[in-house]
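So you can see what is in the structure, the chains are spelled out below.
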Amino acid sequence: MNSKIQNDIKELVSKQVITPEIALNIETYYTEKHSGSPNRLFTLFAIFGSALIGMGIILILAHNWDDLPRAIKTLFAFLSLVIGQCLVGYTILKKKGTAWKEASGTFLFFAVGSSIALVSQIYNIPGDLSSYLLAWVLLCAPLVYIVKSNVLGLLHIVFSTYYAIVYGYSFLSASNTPWLYLILIFMILPYYALLLKHKRNANITSIFNWILPLSLVVVLGTFFTQNDEIGFLMYFTLFGLLYNIGKLPFFNNQKLRRNGYVILGSLGTILILLTLSFEEIAGDVFEKNIFVNSQDMSISIILFILTMAILIYSHLKKWTVNYNLFRYVFVIFTAMFFISYRYNIMPALLVNMLVLALGVMVVKTGVDKFHFGISNYGMLIIVSLIFCRFFDTDISFILRGLLFVAVGIGFFLTNYIMLKKQKNLKNKV
């Protein structure tokens, strides 16, 4: 049991807040709770150990690879795969603990990848990196549900994202649209749903809450075809979708650091708006507002419909009690995107007003909740907007300096007022 908890219990007994019998019951409860939980440190070392063993075997074989006959090479190519399967089978049959599941599953995952690569090299089977990654991920996808390994679930998302990046982004060749990435992500969603249901507050679920939306953000760029301007709309609706998902009670009731949907959605929204707050960029993006029949527009429409569906459902369930501009800003942006402007400065002016409104709203939300992080984030949005205007306006340096001084005073006063209110509340309690 944690030493801090033991000290707190002793202090409560000494001050006669609780009886020694209650203290004994509390100590027994925490002892049984921690004894039944898996050793996380041991599990972590087991995962790293299995990965290092696999890489070590690959390095040893690679050093002497050219001197081995083809039959021996083929034997080594399948040896690690057989060992990995035996370890996983032993883990399942003997109903081993978490450490065994994670270690054996991780070893088998990399064994599959190494076997595919070695066989392709030995028999000169043609192929590229994207097809290799796709075959690897598809073969290992059932292992996530067979072994019930959290690390395998994370590896599935990471390597699916890697496949989409290699296949979709045009680094050295023509880019393609990685539609199979969507299938790979759908394959992991049932496992993610089980984690949300049974391990809602676990650290591994928090990691999934971050890595899954982050993967979507990274891969969305591979679905661009020719309309860079519509790309802004695609990403803005995606960030609106992520934010509204994060505001569902299931995610919103958790600690903010566990809610990657809200944080990524908010940051992405602000970054795009700050980029478009410059008159030249806004003029180029909002000027080309023609309805085009393209893949980019179709994806934007789908994302918009999904976000609207979540927003309407939240209203029907009365989950949107307090007004939150972040939840509706994607509608405003979409309307702005298809409006014809007489002057180029108009869209940039509207974007600046929108960023300022979002910053003020976030500051107010942080003050109402006595949350220093949220209020300072709102102030940071306002400071970023002022900093952007520092470069594209003809305001004198004296006025610019006064603006920064005013915002700095605002930072100080906001935190001071919140801290004072918190102290007053504690004193009343």
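Look above for the structure.
What counts and what doesn't
- Here the residue numbering is sequential within each chain, running from 1 through the sequence in written order.
- In keeping with the predicted nature of the model, local features appear solely for residues at pLDDT of at least 70, side-chain atom pairs appear and are counted solely at 80 or more, and the whole-chain, interface and lining totals rest on all residues.
- Derived side-chain values reflect all non-hydrogen atoms in the structure, with water molecules and hydrogen atoms excluded from consideration.
- Buried Ala, Val, Leu, Ile, Met, Phe, Trp, Tyr and Cys residues form a nonpolar core when they are joined through side-chain atoms within 4.5 Å.
- The rule is simple: take the accessible area with a 1.4 Å probe, protein chains only, and divide by the maximum for that residue type; under 20% is buried, over 50% is exposed, in between is partly exposed.
- Secondary structure is summarised from DSSP: a helix means a run of H or I of at least four residues, a strand means a run of E of at least two, and numbering begins at the N terminus for each.
- Residue contacts follow a heavy-atom distance rule, with two residues in contact if any of their heavy atoms lie within 4.5 Å.
- Note on aromatic contacts: the rings of Phe and Tyr and the six-membered ring of Trp form a pair at centre separations within 6.5 Å, being stacked when their planes are under 30 degrees apart, edge-to-face when over 60 apart, and tilted otherwise.
- Note on patches: the residues involved have over 30% relative accessible area and no salt bridge, like charges join within 9 Å, and the nonpolar side chains Val, Leu, Ile, Met, Phe, Trp and Tyr join within 5 Å.
- Note on areas: Shrake-Rupley with a 1.4 Å probe; residue coverage comes only from the protein chains shown.
- We define a salt bridge as a side-chain nitrogen of Lys or Arg found within 4 Å of a carboxyl oxygen belonging to Asp or Glu.
- For the purpose of charge, His is not counted, nor are the chain termini; Lys and Arg are scored as positive and Asp and Glu as negative.
- We put the charge of a Lys on NZ, of an Arg on CZ, of an Asp on CG and of a Glu on CD.
- Put simply, the grid is 1 Å and covers the protein atoms alone, a cavity is a trapped set of points that fit a 1.4 Å probe, a pocket is an open set with protein on both sides within 12 Å along at least five of seven lines, and lining residues have an atom within 4 Å of a point.
- Grid points are joined across faces, edges and corners, and a volume is the space filled by probe spheres set on the points.
- Three residue categories are used. Nonpolar comprises Ala, Val, Leu, Ile, Met, Phe, Trp, Tyr, Cys and Pro, charged comprises Asp, Glu, Lys and Arg, and polar comprises the others, including Gly.
- Axes here mean lines fitted to C-alpha atoms, for a helix over just the part in contact, with angles spanning 0 to 180 degrees between N-to-C directions.
- Roughly parallel means an angle under 35 degrees; roughly antiparallel, over 145; roughly perpendicular, 65 to 115; everything else is oblique.
- The hand of a helix crossing depends on one turn: near helix anticlockwise from the far one by less than a right angle means left-handed, and clockwise means right-handed.

### Section: the nonpolar core
- Ranked by size, the top nonpolar core spans 83 residues in total, and within it Phe208 and Leu273 carry the most contacts.
- The biggest single contributor to this core is helix α10 (residues 228–246), with eleven residues.
- Among all residues touching Phe208, those that are not within four sequence positions of it are Asn150, Gly153, Leu154, Ile157, Tyr191, Tyr192, Leu195 and Pro213.

### Details of the packing of aromatic side chains
- All told, the structure shown has 22 aromatic pairs when counted by the stated rule.
- Ring centres of Phe109 and Phe159 lie 5.2 Å apart, and the angle between their planes is 65 degrees; on these two criteria the pair is classed as edge-to-face. With Phe109 in helix α5 (residues 98–122) and Phe159 in helix α7 (residues 150–168), this pair connects stretches of sequence that are 50 residues apart. Each member of the pair Phe109 and Phe159 is classed as buried.
- With centroids separated by 4.8 Å and ring planes inclined at 55 degrees, the aromatic side chains of Trp136 and Phe159 adopt a geometry described as tilted.

### Remarks on a negative patch on the surface
- Together, Glu279, Glu280, Asp284 and Glu287 line one region of the surface with negative charge.
- Take Glu279: it is sitting in helix α13 (residues 279–287).

### A few points about empty space enclosed by the protein
- Inspection of the entire model under this criterion finds one cavity of 30 Å³ or more.
- Looking at the largest cavity, its volume works out to about 40 Å³.
- In this structure, the largest cavity is lined by Phe109, Val137, Cys140, Ala141, Val144, Leu152, Leu155 and His156.
- Of all the secondary-structure elements, those providing two or more residues to the lining of the largest cavity are α6 (129–148) and α7.
- With four residues, α6 is the largest single contributor of residues to the lining of the largest cavity.
- Across the lining of the largest cavity, the residue classes tally to seven nonpolar, one polar and no charged.

### What about the side chain of Thr307?
- Among the secondary structure elements, Thr307 is positioned in helix α14 (residues 295–316).
- Excluding anything up to four places from it in sequence, Thr307 contacts Thr237, Gly240, Leu241, Asn244 and Phe330.

### Points about unusual backbone geometry
- Backbone geometry at Lys148 places phi at a positive 60 degrees, although glycine is not the residue there.
- Within the secondary structure layout, Lys148 lies in helix α6.
- Residue classification places Lys148 among the exposed residues on the basis of a relative accessible area of 56%.
- Backbone geometry places Lys318, a non-glycine residue, at a positive phi of 60 degrees.
- Given a relative accessible area of 68%, Lys318 falls into the exposed group.

### Quick word on the packing of helix α12 (residues 260–276) against helix α15 (residues 325–337)
- Their axes nearest at 11 Å, the elements α12 and α15 cross at an angle of 40 degrees. Relative to α15, α12 is oriented oblique. Every pair of crossing elements has a handedness; the one defined by α12 and α15 is left-handed. For the pair α12 and α15, contact is made by Ser266, Thr269, Ile270, Leu273 and Leu276 and by Phe326, Val329 and Phe333, respectively.
- For the contact of α12 with α15, the class distribution of residues is six nonpolar, two polar and no charged.

### With respect to the packing of α15 against helix α16 (residues 345–369)
- Their axes nearest at 11 Å, the elements α15 and α16 cross at an angle of 175 degrees. On the basis of their axis angle, the class for α15 and α16 is roughly antiparallel. Here Leu325, Phe326, Val329, Ile332 and Met336 of α15 lie close against α16, whose contacting residues are Pro347, Leu350, Val351, Leu354, Ala357, Leu358, Met361 and Val362.

### Quick notes on the layout of surface pockets
- Computed from the structure, the second largest pocket encloses a volume of approximately 910 Å³.
- Taken together, 32 residues form the lining of the second largest pocket, with Tyr243, Lys247, Asn324, Thr365 and Lys369 sitting closest to its centre.
- The element best represented in the lining of the second largest pocket is α16, accounting for six residues.
- A breakdown of the residues in the lining of the second largest pocket according to their chemical character gives 15 nonpolar, eleven polar and six charged.

This is a description of form; function is not addressed.
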